[in-house]
Amino acid sequence: MTQHSADQQKIHELIKDIRFAMMATSENGRVVSRPMTPLLIEDDLTLLFITQRSTDVAQQADGQSVNLTFVDSGTFVSITGTGELRDDVELKKQLWNVATTAHTEGGPEDPENVVLAVLPDSASYWESDAAPVAVFSMLKAAVTDEKAHSGGHGTVDL
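We now turn to the structure provided with this report. (Residues numbered from 1 in each chain as written. Predicted model: local features only at pLDDT ≥ 70, side-chain atom pairs only at ≥ 80, totals over all residues. Heavy atoms only, no water.)

1. Description of the layout of surface pockets
Now for step 1: By volume, the largest pocket amounts to about 350 Å³.
Now for step 2: Considering the residues around the largest pocket, the lining is formed by 16 residues, among which Pro35, Met36, Thr37, Ile50 and His103 are closest to the centre.
Now for step 3: Residue assignment for the lining of the largest pocket shows that the elements contributing at least two residues are β2 (30-36), β4 (47-52) and α4 (98-103).
Now for step 4: Take the lining of the largest pocket: its biggest share by element is four residues, from β4.
Now for step 5: Considering only residue class, the lining of the largest pocket consists of seven nonpolar, eight polar and one charged. (1 Å grid on protein atoms, 1.4 Å probe; cavity = no way out; pocket = protein on both sides within 12 Å on 5 of 7 lines; lining within 4 Å. Points joined across faces, edges and corners; volume = space filled by probe spheres on them. Helix = DSSP H or I, 4+ residues; strand = E, 2+ residues; numbered from the N terminus. Nonpolar A, V, L, I, M, F, W, Y, C, P; charged D, E, K, R; others polar.)

Below, the structure is given as structure tokens:
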């Protein structure tokens, strides 16, 4: 990774090993979410996915605000940004894998298949303590009437 701010590095470290994200878009004033697999996190934290141009996610995300939610064992990250469709065949070839073959038709050369990039503008994260520490903190709070410490939280402008 090159020249990341400490905030960017923190977000990258939190999400780099999480296999799935829930991507939320808007459809006729309703929020719609679906699981997506990030295939690459670029240096500026742009997240890249493969989808098909005719899908609801591609149509709802292109040029619009989206939200990505990553969750993994006590780590929670929410990234907001703007969706952008990219037709770069070489990039599609770079990202193509068994999963994209299983969920799309054609291949990287098929113009129906596109890269969906999410250009991030902010992220929020929550990190909870390990289960035994969290349980102890909750029990202590119950006995002492103090608020339980639940880990770290932050919001980052990207």
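2. Notes on the packing of aromatic side chains
Now for step 1: Counted according to the given criterion, the structure contains zero aromatic pairs.
Now for step 2: The ring centre of phenylalanine 20 lies 5.5 Å from the NZ or CZ of arginine 19, which sits over that ring. (Phe/Tyr/Trp six-rings, centres within 6.5 Å; stacked < 30°, edge-to-face > 60°. Lys NZ or Arg CZ within 6 Å of the ring centre and 35° of its normal.)

3. Section: unusual backbone geometry
Now for step 1: Phi at leucine 45 is positive, roughly 75 degrees, even though this residue is not glycine.
Now for step 2: Residue class for leucine 45 comes out buried when judged on its relative accessible area of 3%.
Now for step 3: Here the phi dihedral of serine 73 falls at roughly 35 degrees; this positive angle occurs in a residue that is not glycine.
Now for step 4: Here serine 73 is to be found in the loop between β5 (65-72) and β6 (75-86). (Buried < 20%, exposed > 50% of the residue type's maximum accessible area, 1.4 Å probe, protein only.)

4. Some words on the nonpolar core
Across soluble globular proteins, nonpolar side chains have a tendency to be buried as a group.
Now for step 1: If you look at the biggest cluster of nonpolar residues, it comprises 22 residues, and the most contacted ones within it are Ile11, Met23, Phe49, Leu68, Phe70, Val77 and Ile79.
Now for step 2: Counting only elements with at least two residues in this core, the list comes to α1 (6-15), β1 (21-27), β4, α2 (56-61), β5, β6 and β7 (113-127).
Now for step 3: Tallying contributions element by element places β7 first for this core, with four residues.
Now for step 4: The contact partners of isoleucine 79, leaving out residues within four places of it in the chain, are Ile11, Ile15, Leu47, Val66, Asn67, Leu68, Phe70, Pro120, Ser122 and Ala123. (Core = buried A, V, L, I, M, F, W, Y, C linked by side-chain atoms within 4.5 Å. Contact = heavy atoms within 4.5 Å.)

5. Looking at the pairing of β7
Now for step 1: When you tally the buried positions in β7, you get 11 out of 15 residues, the bulk of the element.
Now for step 2: Bridge count for β4 against β7 is six bridges, and the pairing is antiparallel. Bridge pairing in β7 places leucine 48 opposite alanine 117.
Now for step 3: Here β6 runs beside β7; their pairing, made up of 12 bridges, is antiparallel. Among the inter-strand pairings, threonine 82 is bridged to a residue of β7, identified as leucine 119.
Now for step 4: Taken together, the six bridges between β7 and strand β8 (residues 152-157) define a ladder with antiparallel strand orientation. (Pairing = 2+ DSSP bridges.)

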